[in-house]
Amino acid sequence: MGELYAAFSGPLLSYLTSQVRRREDAEDLLGEVFVSAMKDLGSFSGDLSGFRAWLYRIATNRAIDLARRQRRRPEEPLEVAEQRVDEADPEADAIERVERARVRAAVMQLPEEQRRVMVLRVVAGLQAAEIAQIVGKRVGAVKALQHRALANLTKSLGPAAARIPAADEDA
Amino acid sequence: MVEGSDVAASDPLIDAAARVRAAFVEHVPEEVATRHVALLASGSTETPIAWKQWRPRRALTIAVAAALSVVLLGGSAVAAAATAGPGDLLYGVKRAAERLDLSVHSDPSEKARLHLAFAQRRLGELSVLLERQRAGEDVDVAAAMRAYREEVANVESDAARVALGADFDALLAQILQNLQKHVDQLTHLRDTKVPEQAREAIQRAIDNAQKAEEHIGRGRAKNLGRPGGAPSGSPGNGGTAPGRAP
């Protein structure tokens, strides 16, 4: 499980921070996902692709449960889960931080389904078929949601203040 | 990147996807990883599934994880964590994963072997840090040195808890062989890569590894009933021979 944690904790945390309002909640959910995966590993059957989708499905269900609980407690302030910029990227300059915060805020404004599908595709790098398994929709519906999410984001964000390299461009 | 079939080749959409990806890059902080490791470790004992039933599952998990890391992630996340050194973002995850691996082993010989492997990693990290120090970076070589010494001390203490038997002798032979390599590596580092101020610390690490060799060599000799050392030609033979010390 240690190797699983090393492999998936970062991408899963990226996904979870886009699904919940507070970073602390995302971190707590991350732990719950791995505990749940460890306990239920015996019940998993499927191929490697299915295994990754299974992990994200656990994460998705946990995030949905939390969102429901939070909706029942409306007094909790809504906020965008902040990135730990200083620790994650100490060299990021102010412009990049502003840009990231702006993008995250815009993503959090998207309708829940659009946000979930788009982040699973773009941030987690899952295929449309895998996402369809996770969210319980058809592949065509997943692609449509993703397209709408990106189109909405393009409208709300406008051009980037400063182009920041994507994660896979750093490597 | 967004699949062409998912999104018509539209630059603004692709650009938006790239911006989202960059905005949500997250690294798990060490304190969080440590907390989760503790959670997982405690879950493994409290779970209703018997521990004996868990062992094959854990083996399956590791096999699946290794395959997944290559097939699904291109090995990037694992490779990044595996090669992370002190001060790197993923170093906390790497150490936390090691602690988790230790926590699921109760057999002292398995723990000793793991610590031995981790000691080898610490040496590799030390070597990289020394290179960076030579290049003018401000790095914490002393901390890396301490981490290595801790691993060696753990090897020794776990080896001392192993019951006598065939595995005990094989374990000690493996440890002695590895510690000998460590001493050679440290000696090489001391003589080639280490700035003057760090040589003393390296020397302490060498002394440490040699002392561990001595203790373990004595234990092995006792086990074999041959006062004075292991059989001729064995990996541990002459582990503390005069002239090898730097």
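Please read all numbers here as calculations on a predicted model, not as lab measurements. (Residues numbered from 1 in each chain as written. Chains lettered and ligands numbered in written order. Predicted model: local features only at pLDDT ≥ 70, side-chain atom pairs only at ≥ 80, totals over all residues. Heavy atoms only, no water.)

J.: When you look at the overall build of chain A in this model, what are you seeing that I'm missing?
T.: Helix and strand content of chain A: nine helices and zero strands. Helices and strands appear in chain A in the N-to-C order α-α-α-α-α-α-α-α-α. Each of the 171 residues in chain A was classed as buried or not, and the buried ones make up 51%. Considering only residue pairs separated by 6 or more positions, chain A has 66% of its internal contacts joining residues 24 or more positions apart. (Helix = DSSP H or I, 4+ residues; strand = E, 2+ residues; numbered from the N terminus. Buried < 20%, exposed > 50% of the residue type's maximum accessible area, 1.4 Å probe, protein only. Contact = heavy atoms within 4.5 Å.)

J.: What is the right way to look at the overall build of chain B in this model?
T.: Along the backbone of chain B there are nine helices and zero strands. Ordered by position from the N terminus, the helices and strands of chain B form the series α-α-α-α-α-α-α-α-α. Taken across its 246 residues, chain B has 48% of its residues classed as buried. Long-range pairs, those at least 24 residues apart, make up 69% of the contacts in chain B between residues at least 6 apart in sequence. When the accessible surface of chain B is split by element, carbon and sulfur atoms take 55% of a total near 11,500 Å². (Areas by Shrake-Rupley, 256 points an atom, 1.4 Å probe, with all protein chains shown as cover.)

J.: When you look at the confidence of the model for chain A in this model, what are you seeing that I'm missing?
T.: A low pLDDT means the predicted coordinates there should not be read in detail. When the pLDDT values of chain A are averaged, the result is 80; 73% of them are 70 or greater. Low pLDDT (under 50) marks residues 162–171 of chain A, which in the prediction has 18 contacts with non-local residues, meaning those over four places away or in another chain. (pLDDT = per-residue confidence, 0-100.)

J.: It is not clear to me how helix 1 (residues 11–23) of chain B should be interpreted in this structure. Could you clarify?
T.: Its 13 residues give helix 1 of chain B an end-to-end C-alpha distance of 18 Å, which sits within 8% of 18 Å, the value for a rise of 1.5 Å per residue. All buried positions along helix 1 of chain B are accounted for by Leu13, Ala16, Ala17, Ala18, Arg19, Val20, Arg21, Ala22 and Ala23 of chain B. (Expected span 1.5 Å × (residues − 1).)

J.: Would you mind going over the nonpolar core with me for this structure?
T.: Across soluble globular proteins, nonpolar side chains show a tendency to be buried alongside one another. The biggest cluster of nonpolar side chains holds 61 residues, and the ones touching the most others in it are Leu12, Met118 and Leu153 of chain A together with Val20 of chain B. Ranked by the residues each element gives to this core, the list is headed by helix 3 (residues 48–71) of chain A, at nine residues. Here leucine 153 of chain A is in contact with Ala106, Val107, Leu110, Met118 and Gly158 of chain A together with Val20 of chain B, once residues within four sequence places are set aside. Counting 33 residues, the second largest nonpolar core, distinct from the first, contains Leu123, Tyr148, Ala159 and Val162 of chain B. (Core = buried A, V, L, I, M, F, W, Y, C linked by side-chain atoms within 4.5 Å.)

J.: Explanation requested: the packing of aromatic side chains in the structure shown.
T.: Any pair of aromatic rings gets described here by the distance separating the centres and the angle formed by the planes. All names here are of chain A. Tallied over the full model, the rule gives two aromatic pairs over all chains. A centroid spacing of 4.9 Å and a plane angle of 50° characterise the contact between tyrosine 5 and phenylalanine 34, whose relative ring orientation is tilted. Here phenylalanine 34 lies in helix 2 (residues 23–40) and tyrosine 5 lies in helix 1 (residues 2–17), a separation of 29 residues in the sequence. With respect to class, tyrosine 5 is no different from phenylalanine 34; both count as buried. Ring geometry for tyrosine 15 versus tyrosine 56: centroids 5.6 Å apart, planes at 65°, classification edge-to-face. With a gap of 41 residues between them, tyrosine 15 in helix 1 and tyrosine 56 in helix 3 connect regions that are remote in the sequence. Residue classification places tyrosine 15 among the buried positions, given a relative accessible area of 1%. (Phe/Tyr/Trp six-rings, centres within 6.5 Å; stacked < 30°, edge-to-face > 60°.)

J.: Sorry if this is basic, but what is going on with the pattern of salt bridges here?
T.: Between side chains of opposite charge, pairing is possible as soon as their charged atoms come close. Per the stated rule, a full pass over the model turns up 16 salt bridges over all chains. With its nearest N and O atoms 3.1 Å apart, the salt bridge here joins arginine 35 of chain B to aspartate 28 of chain A. Of the two residues, arginine 35 of chain B is situated in helix 2 (residues 30–46) and aspartate 28 of chain A in helix 2; the pairing between them involves two chains. Glutamate 113 of chain A serves as the salt-bridge partner of lysine 137 of chain A, at 3.1 Å between the closest nitrogen and oxygen. Taken as a pair, lysine 137 of chain A in the loop between helix 7 (128–135) and helix 8 (139–157) and glutamate 113 of chain A in helix 6 (residues 112–122) lie far apart in primary sequence, 24 residues in all. Residue classification places glutamate 113 of chain A among the partly exposed positions, given a relative accessible area of 38%. Within this structure, Arg23, Glu27 and Arg104 of chain A together with Glu26 of chain B form a network of salt bridges that share partners. (Salt bridge = Lys/Arg side-chain N within 4 Å of Asp/Glu carboxyl O.)

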